[in-house]
Amino acid sequence: MSILDIQHLSKSYGGANVLNDVSFTLQASESVGIIGDNGAGKSTLLKCLSGAIKPDTGNITFNGQPLELGNPQAIREAGIEMVYQDLALCRQQTVLTNLLLGREINTPWGTLNHAAMRKLGSQALAKLNTDIPLNAVVGDLSGGQQQAVAIARAMLGNPRLVILDEPTAALGVKESAKAIRFIQSLTAQHVAVIVVSHRLQDVIDTTSRILLMRQGQIAQMFVTNNLTAAELSGEISQ
Ligand SMILES: Nc1ncnc2c1ncn2[C@@H]1O[C@H](COP(=O)(O)OP(=O)(O)O)[C@@H](O)[C@H]1O
Ligand SMILES: [Mg+2]
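Rules of the game
- Residues numbered from 1 in each chain as written.
- Chains lettered and ligands numbered in written order.
- Predicted model: local features only at pLDDT ≥ 70, side-chain atom pairs only at ≥ 80, totals over all residues.
- Pairing = 2+ DSSP bridges.
- Helix = DSSP H or I, 4+ residues; strand = E, 2+ residues; numbered from the N terminus.
- Contact = placed C-beta atoms within 7 Å.
- Axes fitted to C-alpha atoms, helices over the stretch in contact; angles between N-to-C directions.
- Near = placed C-beta within 6 Å.
- Core = buried A, V, L, I, M, F, W, Y, C linked by C-beta atoms within 7 Å.
- Buried ≥ 20, exposed ≤ 12 C-beta atoms within 10 Å, placed from the backbone.

I keep staring at the sheet that holds strand 5 (residues 65–66) and nothing clicks. Help me out?
The strands making up a sheet are joined through hydrogen bonds of the backbone, oriented either antiparallel or parallel. Overall, antiparallel pairing links the four strands, which are arranged 2-1-4-5 in an open sheet. Looking at which strands have only one partner, the edges of the open sheet turn out to be strand 2 (16–27) and strand 5. Where strand 4 (residues 57–62) meets strand 5, two bridges bridge the pair, whose relative direction is antiparallel. Bridge pairing in strand 5 places F62 opposite Q65. This element, helix 1 (residues 42–50), spans strand 1 (2–13) and strand 2 of the sheet and lies at about 60 degrees to strand 2.

Right under this line is the structure:
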């Protein structure tokens, strides 16, 4: 069953077609990569999906319902969570505060229910098979751990689709490997995933299908099985 159905999305800025009639569907629990040169339209497509911008034409059906385009809150409530490249974490705050930001739990007396919040926070991290202390300050964590906090926070919204923009761009080899495992565990939890990255091997390692964008269009689709980064790289530069 398809969870996401994008139909004929177009967006232009001052006459330049940044997205030009983009259509694709994503199956429930499927993981898809989006690659392409700088300026191909990847970020614009993600922004249409998060509601940050409204496409000029086209529509998106999610989970059987039309998405309210250009409305980030409605889109999150529909079950789409974004993990931004800069992770958007509060670096001076603890892991727990970051995880539960905007999702605080109150006692019947209106005070914060710390026990329930700690339980929810540690469950979210455990689902990623990581045991980062809840009281650690986010700025003290490694890049991979911060990525885990950002992904766990997205998962607390119980999304059906998580979109990650350049999830390994800021990470070294070891930390990237961790981030890749976190992304793989989303698929294991039956969440659909879209990964945008210029690190082709990371896209291959985290997705089962890859869309190549060129000049605002989906130029090609690849099945990830047996694909090599060198083959992909050759296709991008054509
Ligand atoms: N707000 C904007 N105003 C004008 N042009 C834009 C705007 N956003 C993106 N563009 C242009 O659209 C094209 C695609 O950009 P983008 O979606 O960021 O590509 P990618 O993420 O693939 O590098 C680029 O040529 C960029 O300059
Ligand atoms: Mg971009």
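Where do I start with the site of ligand 1 in this structure?
Within the structure, ligand 1 sits among Y13, V18, G36, N38, G39, A40, G41, K42, S43 and T44. Counting residues per element, the shell around ligand 1 draws most heavily on helix 1, which supplies three residues.

Would you mind showing me how to read the nonpolar core here?
Burial of nonpolar side chains together is a common tendency in soluble globular proteins. Among the nonpolar cores identified, the biggest contains 66 residues, and V149, I151, A152, L161, V162 and I163 are the most heavily contacted of them. The element that contributes the greatest number of residues to this core is helix 5 (residues 143–155), accounting for seven residues.

What is the right way to read the pairing of strand 9 (residues 209–214) from this model?
Each regular strand displays side chains that alternate between the two surfaces of the sheet. Pairing analysis gives four bridges linking strand 3 (residues 31–35) to strand 9, with the strands arranged parallel. Opposite I35, over in strand 9, you have L212 as the bridge partner. Between strand 9 and strand 10 (residues 217–223), which pair antiparallel one after the other, the connecting turn spans two residues, and Q215 there sits at a positive phi close to 50 degrees.

Help me understand the environment of R199 in this model?
Its location among the elements puts R199 in the loop between strand 8 (192–196) and helix 7 (200–206). Accessibility expressed as a C-beta count within 10 Å gives 19 for R199, which makes it partly exposed. Separated by 164 residues in the primary sequence, R199 and I35 have C-alpha atoms spaced 8.8 Å apart. Residues within four places of R199 in sequence aside, it is in contact with T168 and A169.

What's the story with the sheet that holds strand 3 in this structure? I'm lost.
Taken in spatial order, the six strands make up an open sheet running 6-7-8-3-9-10, and their pairing is mixed. At either margin of the open sheet sits one strand with a lone partner, and together these are strand 6 (80–83) and strand 10. Averaged over all pairs of adjacent strands, the angle between their axes in this sheet comes to 20 degrees, without regard to strand direction. Across six bridges, the pairing between strand 9 and strand 10 is antiparallel. Counterpart to L212 in the pairing with strand 10 is Q220. Helix 6 (residues 173–188) contacts strand 3, strand 7 (161–165) and strand 8 of the sheet and is inclined by roughly 150 degrees relative to strand 8.

Shape descriptors only; they carry no functional weight alone.
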